[in-house]
Amino acid sequence: MSGHEEARVADAFASKFVAPLGPQLDAFEERISEYLAGDLHCVGLSSGSAALHLALRIAGIERGDEVWISSMTFAGGIFPVIYQGGTPRFFDLDPASWTLHIDRLEEELKRARRVNRIPKAIIPTDLYGQSVELDRLEALASEYGTRLVVDSAESLGASFKQGRKCGTGGDVSILSFNGNKIITTSGGGMLVTRHKKWADEARFLATQARDAAPHYEHSTYGYNYRLSNICAAIGLGQMEVLDDRVARRREIFERYKTAFYRDGIDFMPEPDGYRSSRWLTALIIDPAITGVSREDIRLRLLEFKIEARPLWKPMHMQPLFSGTTYHGQGLDERLFDRGLCLPSGSDMTNEQQDEVIGHILDLLDAKN
Ligand SMILES: Cc1ncc(COP(=O)(O)O)c(C=O)c1O
């Protein structure tokens, strides 16, 4: 917490809107829309997963529809495809950005057009705070007549070329304010869309699909997915420090990069013109060169009660998705095998980071 949240929560209590609606929720949606800039409509929801679920429902994903998606993502970024009965096809990452491999995607789109099997939607993931290549993806989605749903759950505060912010892409983008994100509402998410009709439909579906009537009337089914006014108040306080947090995360990333500058260790790249939020510092380590594996590091840190996590396990490697089509050459598999997210919290002090660095250098130096 930044210190700005309690006053906002007190305002929410004073407003008496202890409910999934109210002035703080309206203000939070407006604040995010202002921050992202552009003609966008924002709908505050109970989680990023709920936002993705609604986005897919509104995009018209139904049982059996193909959805093409980055394999390297978190469960919450794929499960909503299953809720809708969609059939995923997984794609590998591009080594230049560690985000969706667009050349491969384009090749497959060409092939799919020949056999009349264009996917209903494409879901690229902004990985670890880095934007996907929005302009190319938007051009492809429009050329091939498919919906583009950008998963920006991990990238609020980051930007693409010319400063275009993450969360502004595609037909719709989704954000997450889960407790581990760069800003949080404890739990929460947002659907951001350029289509006003989609935002209206999201609000309708997120509040149990109530038709206009004095009694409860339903011509379709909905969900209880709206963000609480109290949680939105936390979000308003957090927005005051978003830019500082991005600056701090980028600083933490650079400090790690300087400390571990050596053969066999590579950090997540940042293409020219992009500005990652560096939500998590992600690196890969080659044990054949350094003599140290990512598990050696993870376990050493754990001895000192410091948590580090392997990079996401690609979805095509998960038992749940065994046998699902995968287009790629296994970059994501190698990243999982060798990759680690280091402690990256914005409130981590330099001394705490130096402790992490020290434990890792001890391991590396012992092998050299
Ligand atoms: C890429 C990605 N998509 C979706 C989600 C789901 O968001 P939430 O946890 O708010 O449901 C997350 C993270 O939590 C994520 O990292």
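Please refer to the structure higher up on the page.
A brief structural summary. (Residues numbered from 1 in each chain as written. Predicted model: local features only at pLDDT ≥ 70, side-chain atom pairs only at ≥ 80, totals over all residues.)

**Things to note about the sheet that holds strand 2 (residues 66-70)**
Applied cut-off: Paired strands are those between which DSSP finds at least two bridges. Secondary structure counts use DSSP, requiring at least four H or I residues in a row for a helix and at least two E residues in a row for a strand, with both numbered from the N terminus.
Across the sheet, which stays open at both edges, the eight strands sit in the order 1-7-6-5-4-2-3-11 with mixed pairing between neighbours. This sheet does not close on itself; its edge strands, each paired only once, are strand 1 (41-45) and strand 11 (326-327). Where strand 5 (residues 147-151) meets strand 6 (residues 172-176), three bridges bridge the pair, whose relative direction is parallel. Residue Val149 lies in a different strand from strand 6, and its bridge partner there is Val172.

**A closer look at the pairing of strand 12 (residues 339-342)**
Heads up, the condition is: In this scheme every C-beta is placed from the backbone, and a residue whose C-beta has 20 or more other C-beta atoms within 10 Å is buried, one with 12 or fewer is exposed, and one in between is partly exposed.
The two faces of strand 12 match: Gly339 and Cys341 on one face and Leu340 and Leu342 on the other face are all buried. Pairing analysis gives four bridges linking strand 9 (residues 281-285) to strand 12, with the strands arranged antiparallel. Looking at the pairing, Ala282 lines up with Cys341 of strand 12. Pairing analysis gives two bridges linking strand 10 (residues 309-310) to strand 12, with the strands arranged antiparallel. The residue of strand 12 that forms the bridge with Arg309 is Cys341.

**So, the site of the ligand**
Under the convention used in this document: Being near a molecule or strand means, for a residue, that its backbone-placed C-beta atom lies within 6 Å of it. Classification used: nonpolar for Ala, Val, Leu, Ile, Met, Phe, Trp, Tyr, Cys and Pro, charged for Asp, Glu, Lys and Arg, polar for all others including Gly.
Not every one of the 14 residues close to the ligand is listed here, only the nearest: Gly48, Ser49, Gly76, Gly77 and Ser176. Along the lines of polarity and charge, the residues of the shell around the ligand split into two nonpolar, ten polar and two charged.

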